[in-house]
Amino acid sequence: MGLDVVQLTRELVAINSVSQRSNEEVSDLLETTLKGCEFEVERLEYLDNNGERKVSLVGKKGDGPNGFGLFSHSDTVPGLEGEWDPFDPVIQDGRLFGRGSCDMKGPLAATIAAGEKVNAADLQSPLFIVVTADEEISSAGARQVAEASELFNAECPKHGVIAEPTRLTPVYAHKGGGRVFVTANGRAAHTSTDKGVSANFLIAPFLAEMAALAELLKTDESFMNKEFDPPTNGFNMVLDDGGCRPNVAAAKTVCTLSFRPMPNDRSDDVIAMITETAEKYDLEVSSQKGTPFYVSPDAEIVQAGLKATGATKPGTVPFGTDAHAFKNHLQLVILGPGDIVQAHTVGEWIDIEQLSAAVGVYQRMIEMFCT
Ligand SMILES: [Zn+2]
C-alpha cells in the first residue's frame, strides 16, 4: 500500500509521450502499475496515420453493474525541448515541473493512487481507470475504447470523471470543436505567361465576407453563451496556398475556419452561413463539428463532485476533452487537479498540494459510487 502520487507523476513525465510519437513505453509502465494495484487490464492498440503504435488501457477492479470510471489520457502536447527540459521532472516551491505534469499525467497518477487504496472485496460496483491515446490530436484512443473495449462495454460504468485539470472544481460543460474547409482551385502558371488563374484571387471575396462574419460573431450575442468565459466561440481562419511564390499563380488555396461550438449557441447556423457563402463563389466546402459537452448542473455526478471537493458551485471550461467520445455511455463530470493555464506551456507545472488533494477527492467519489 501507499503508491506515491508525486513519484508516479515524475515517472510518467520522464517518459516522452507527445502525441506525434508512440505512447507504448508510458503505457507499459501504466499497465504494470495498474496490475500491481490489483486491476484487471485490457490493452487496445492501433497504428496512427504515421505508423506510430498507440495504446489505450482499460483497468477494472471489482464486478457488477453501476460502476464508476476515472478517465485520463497519456499523450501530451509537444515538449518544446529547445526552451526547457520538458522530460526531466523537477520539484521546486511545492510545484512539480515537466511536460504533462498538469495535462494530464499528474491527474492520471492521482486516479491510480486513489484506485490503489480500495480493496476489490469492498466494492459493490466496479471501479474503472481508463487511459486513452491521442486525446491532444484526435481522440482516436477514446473512440476505440468506447467502441471496442470488452471490459468497458461488458459492464459499462454508470458515472465517471474526466480528470482534466479544473483546479478541483466540478465542470458540467465545455466547448466543442468546429472546422470548415473551403478550397479554391485555380490554374498554376508562371506570371510571365499571364496564363494562370490564381486561386488566391478566386477565394479573396469569400475571405472578405469571413472577416465580416468574424466581427458579427464577436458582437452579436445570439452567437454566444454566457455560461462560458469567454462567451464567444473563438472563430479563427488560416490559409494555405502551398507556399506559392510571387511569380506563380496559386493552383490551390485552402481556407480553414475553426470555432468552438457551445451548448445552445448558433453553431449550426455558423456552419450554414459559411457553406452558403462558399457556394456563392463556387468554392469547394466541407465541414465537421465536435459537439460540446453538457450535463445538467443538478446531475448526480456533478453533485457528487461538489460533495467530494467541498466546492459550492460547478463551472464551465472553454477547452475540449475526451468527454464527447464517452458521454453517450455514462454520466460524466470534468474534475481534476491543476490549472489548465499551466498546461501546454514552457515550464508546465502542477501544485503538489492539488495533486494530493485530488487523491482524496477521487477516493471519496469511489466510496460514493462503488461501496
Ligand atoms: Zn488533457
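Residues numbered from 1 in each chain as written. Predicted model: local features only at pLDDT ≥ 70, side-chain atom pairs only at ≥ 80, totals over all residues.

Asks: How would you sum up the sheet that holds strand β10 (residues 236-240)? Please name residues and give values.
Replies: Here 4 strands make up an open sheet; going across it, the order is β10-β11-β9-β12 and the pairing antiparallel. On the outer flanks of this sheet lie β10 and β12 (284-290), each paired with one strand and no other. Neighbouring strand axes in the sheet, compared pairwise and without regard to direction, differ in orientation by 15° on average. In the packing of helix α6 (residues 199-219) onto the sheet, the strands contacted are β9 (177-185), β10 and β11 (252-259), and the crossing angle to β11 comes to about 20°. Each of β9, β11 and β12 touches helix α7 (residues 267-280); the most contacted strand, β12, lies at about 170° to it. (Pairing = 2+ DSSP bridges. Helix = DSSP H or I, 4+ residues; strand = E, 2+ residues; numbered from the N terminus. Axes fitted to C-alpha atoms, helices over the stretch in contact; angles between N-to-C directions. Contact = placed C-beta atoms within 7 Å.)

Asks: So what's going on with the pairing of β10? Which residues, and what values?
Replies: Within β10, only 0 of the 5 residues are buried, which leaves it mostly out in the open. In terms of strand pairing, β10 meets β11 through 5 bridges, oriented antiparallel. Its bridge partner lying in β11, M237 is registered against L257. (Buried ≥ 20, exposed ≤ 12 C-beta atoms within 10 Å, placed from the backbone.)

Asks: Explain the environment of T316 residue by residue, including any values.
Replies: Mapped onto the fold, T316 is located in strand β14 (residues 315-317). We classify T316 as buried; it has 22 C-beta atoms within 10 Å. When sequence neighbours within four positions are dropped, the list of residues in contact with T316 reads V171, Y172, A173, H174, E227 and F228.

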